[in-house]
Amino acid sequence: MPTLGAIADDFTGATDLATMLVARGFRTVVAVGADAVSSPADSDSAAESDASGRWADTDAVVVALKSRTAPVPEAVEDSVRALRALRAIGCRRFYFKYCSTFDSTPRGNIGPVTDALLAELGERRTVVVPSFPATGRTVYRGRLFVHDDLLDESPMRHHPLTPMLDSRVDRLLRPQTDHAVTRVGLDTVRAGTDALRAALDEAAHADALTVVDAVDDEDLRTVSAATEDFGLVTGAAGLAVGLTGPHPDQARARPASRPGDAGVVLAGSASAATRAQVADALGSLPHRRLDLARLRADFDGAVDGLTAFVRECWEADPATPPLIYAVATPEDVETDTPPGTEPPSSLVERALAACATALVDAGARRLLVAGGETSGAVVTALRARTLAIGAPIAPGVAWARTEVCPTGTAHTVDLALKSGNFGGTDIFTQAWEQLV
Ligand SMILES: Nc1ncnc2c1ncn2[C@@H]1O[C@H](COP(=O)(O)OP(=O)(O)O)[C@@H](O)[C@H]1O
Ligand SMILES: O=C(O)[C@@H](O)C(=O)COP(=O)(O)O
């Protein structure tokens with residue numbers, strides 16, 4: 001039965017954390033929203049008995065939410081519902097997973113969600129640990145680095161929804177929370193678990209969100225050990241490097257598809273890493289870029305055109321997955337919404353979700369989706385309820401086996417949700433090799 005429950009503020013973040021938990025020996029399931037955790041049955045006793053059967057072979061459950069950029073009340077409500085659902089199936093330790101680049105605005109949602117989860121648990125303190133060294137995110141003297149750059153000097157400065165204009169994590173968090181925000185530096189972390197635990201027990205941190213420095217995995221292991229009796233920890237997936245699950249050899253799900261099964265890449269991400277991956281794949285994968293004007297003029301016709309193109313590609317060469325993408329260069333991002341029309345971001349999400357639905361119906365059994373918001377739209381449209389994490393592809397990215405039911409018929413597919421900034425340049429062509 002699961003004892004560790006996590007709440008992730010986007011879908012790629014959920015599979016990112018789940019990938020880490022699987023590698024650490026937790027049999028992990030990603031549940032799409034709180035409802036996928038709870039039984040649909042309405043009585044508590046029915047929910048309990050159903051839960052004990054459904055979750056018997058699971059050590060950790062990660063609830064995937066689409067709450068990173070949702071209005072604050074909605075993000076809080078969804079997160080608290082997820083927490084209650086996780087408690088109802090027996091989880092006793094909780095992990096709030098947000099982005100390793102601390103994606104949020106001065107109004108939230110990291111602070112308000114953390115406050116609400118603490119209140120729900122009756123806890124007064126937690127740690128704030130966005131560090132994820134395997135992907136170049138480190139925190140030193142409270143400043144968040146993305147590889148060699150301070151966060152506010154990285155491409156995150158220009159993020160359309162959550163531009164990160166400061167790199168001091170405590171300063172970013174303070175306007176978002178009702179708690180005090182404190183810091184513990186690397187010297188204390190490097191002094192070891194007992195020293196860090198003693199520091200976190202000091203009065204200053206007793207009723208606070210404490211930003212803890214960590215620049216390598218050993219630091220994260222120390223933070224994890226020093227907080228093992230905390231009801232809630234918060235951070236990126238890196239912090240899970242310090243957790244140890246009970247099933248080191250059984251945690252990974254087997255692929256659903258076989259080599260040669262039809263696949264597709266759907267890239268809605270506009271981030272720098274995805275743009276480089278798109279550029280790399282244009283040389284070797286058949287491809288089409290979304291035409292926003294055409295989608296506005298005739299949405300169904302445009303989607304039909306894209307899916308017909310993919311089917312033709314499969315017929316010509318079943319082994320090569322075509323690429324449908326939204327952004328190749330920063331200039332491709334439309335920031336203005338023509339009067340009376342749908343915002344470009346939602347149009348793109350809807351188009352890629354519609355492509356995913358039609359393509360699964362047409363035989364796609366392997367889908368690689370790039371971008372957190374995009375993944376949320378695709379997974380929701382495919383009506384997936386749970387994802388079982390399989391083979392790793394890159395730090396923070398793995399294949400997941402999932403049953404989807406977009407139009408009434410269920411299919412088991414392999415799905416990889418790639419965070420915009422994760423993965424090597426050749427991930428769109430190389431990821432398939434892990435599906436064996
Ligand atoms: N050409 C475009 N113009 C405007 N918005 C776009 C365009 N292409 C993609 N988007 C939107 O940008 C957002 C990208 O977010 P996400 O999928 O989380 O990836 P990332 O954060 O890596 O960029 C999505 O909402 C997507 O629909
Ligand atoms: O922690 C991270 O960096 C990722 O898990 C993540 O959340 C990235 O979000 P997107 O770039 O929106 O996919």
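Data block above holds the structure.
Worth saying up front: this structure is predicted, and the values here are computed from it rather than measured.

S.K.: So what exactly am I meant to see when it comes to the layout of surface pockets here?
M.R.: By volume, the second largest pocket is sized at about 280 Å³. Surrounding the second largest pocket, 14 residues form its lining, Val32, Gly33, Ala34, Ala64 and Leu65 being those nearest its centre. Per-class residue counts for the lining of the second largest pocket are seven nonpolar, two polar and five charged. Summarising the domain contributions, the lining of the second largest pocket has at least three residues from each of domain 1 (4–242) and domain 2 (263–434).

S.K.: Where do I start with the sheet that holds strand β6 (residues 137–140) in this structure?
M.R.: If you trace the three strands from one edge of the open sheet to the other, you get β6-β7-β8, paired in antiparallel fashion. If you trace the sheet from one side to the other, it starts and ends with β6 and β8 (149–150), each paired once. Bridge analysis of strand β7 (residues 143–146) against β8 gives two bridges, and the strand direction is antiparallel. If you follow valine 146 over to β8, its bridge partner there is aspartate 149.

S.K.: Explanation requested: helix α8 (residues 217–226) in the structure shown.
M.R.: Note that an α-helix has 3.6 residues per turn; residues three or four places apart therefore point the same way. Residues Asp219, Leu220, Thr222, Val223, Ser224 and Ala226 constitute the buried set of α8. On its buried face, α8 sits against β5 (126–129), α6 (186–190), α7 (193–200) and β10 (208–212).

S.K.: What is the right way to look at the nonpolar core in this model?
M.R.: General note: in soluble globular proteins, nonpolar side chains tend to be found buried as a group. Counting 99 residues, the largest nonpolar core has Leu21, Val62, Leu290, Leu323, Leu367 and Phe428 as its most contacted members. Taken together, domain 1 (4–242) and domain 2 (263–434) each give at least three residues to this core, which thus spans both. Apart from the residues within four sequence positions on either side, leucine 323 is in contact with Val265, Ala267, Val278, Ala281, Leu282, Leu285, Pro286, His287, Arg288 and Phe428. Counting 41 residues, the second-largest nonpolar core is a separate cluster that includes Leu86, Ile89, Val113 and Val128.

S.K.: Looking at this structure, I do not really get the site of ligand 1. What am I missing?
M.R.: Close to ligand 1 lie 19 residues; Ser269, Ser345, Glu349, Glu373 and Thr374 are nearest. At 2.7 Å from an oxygen atom of ligand 1 is found a main-chain nitrogen or oxygen belonging to serine 345. Take glutamate 349: an N or O atom from its side chain is 2.6 Å from an oxygen atom of ligand 1. Alone, ligand 1 offers 560 Å² of accessible surface; in the complex the protein occludes 90% of this.

S.K.: What's the story with the packing of aromatic side chains in this structure? I'm lost.
M.R.: Describing an aromatic ring pair means giving the distance of the ring centres and the angle of the ring planes. Taken as a whole and judged by the stated rule, the model has four aromatic pairs. Judged by centre distance (5.3 Å) and plane angle (50°), the rings of tryptophan 399 and tryptophan 432 are tilted. Taken together, the residues tryptophan 399 in strand β17 (residues 397–404) and tryptophan 432 in the segment after α14 (427–430) connect sequence positions 33 residues apart. Residue tryptophan 432 is classed as buried on the basis of its relative accessible area of 12%. Aromatic ring contacts, followed pair by pair, group Phe96, Tyr98 and Phe102 into a single cluster. The aromatic ring of phenylalanine 309 is capped on one face by arginine 288, whose charged end is 4.0 Å from the ring centroid.

S.K.: Looking at this structure, I do not really get the site of ligand 2. What am I missing?
M.R.: In the vicinity of ligand 2 lie 14 residues, with Thr12, Asp16, Arg68, Ser100 and Ser419 positioned nearest. Contact distances for ligand 2 include 3.0 Å between an oxygen atom and a side-chain N or O atom of lysine 97. Interatomic distance of 2.5 Å between a side-chain N/O atom of serine 100 and an oxygen atom of ligand 2. Contact with the protein chains hides 91% of the accessible area of ligand 2, taken as 360 Å² for the molecule alone. Taken together, the residues that form the shell around ligand 2 break down as three nonpolar, seven polar and four charged. Shared between two domains, the shell around ligand 2 holds at least three residues of each, these being domain 1 (4–242) and domain 2 (263–434).

Definitions and cut-offs
Residues numbered from 1 in each chain as written. Chains lettered and ligands numbered in written order. Predicted model: local features only at pLDDT ≥ 70, side-chain atom pairs only at ≥ 80, totals over all residues. Heavy atoms only, no water. 1 Å grid on protein atoms, 1.4 Å probe; cavity = no way out; pocket = protein on both sides within 12 Å on 5 of 7 lines; lining within 4 Å. Points joined across faces, edges and corners; volume = space filled by probe spheres on them. Nonpolar A, V, L, I, M, F, W, Y, C, P; charged D, E, K, R; others polar. Domains from an automatic or database assignment. Pairing = 2+ DSSP bridges. Helix = DSSP H or I, 4+ residues; strand = E, 2+ residues; numbered from the N terminus. Buried < 20%, exposed > 50% of the residue type's maximum accessible area, 1.4 Å probe, protein only. Contact = heavy atoms within 4.5 Å. Core = buried A, V, L, I, M, F, W, Y, C linked by side-chain atoms within 4.5 Å. Near = heavy atom within 4 Å. Polar contact = N/O pair within 3.5 Å; in protein donor to acceptor, adjacent residues only side chain to side chain. Areas by Shrake-Rupley, 256 points an atom, 1.4 Å probe, with all protein chains shown as cover. Phe/Tyr/Trp six-rings, centres within 6.5 Å; stacked < 30°, edge-to-face > 60°. Lys NZ or Arg CZ within 6 Å of the ring centre and 35° of its normal.

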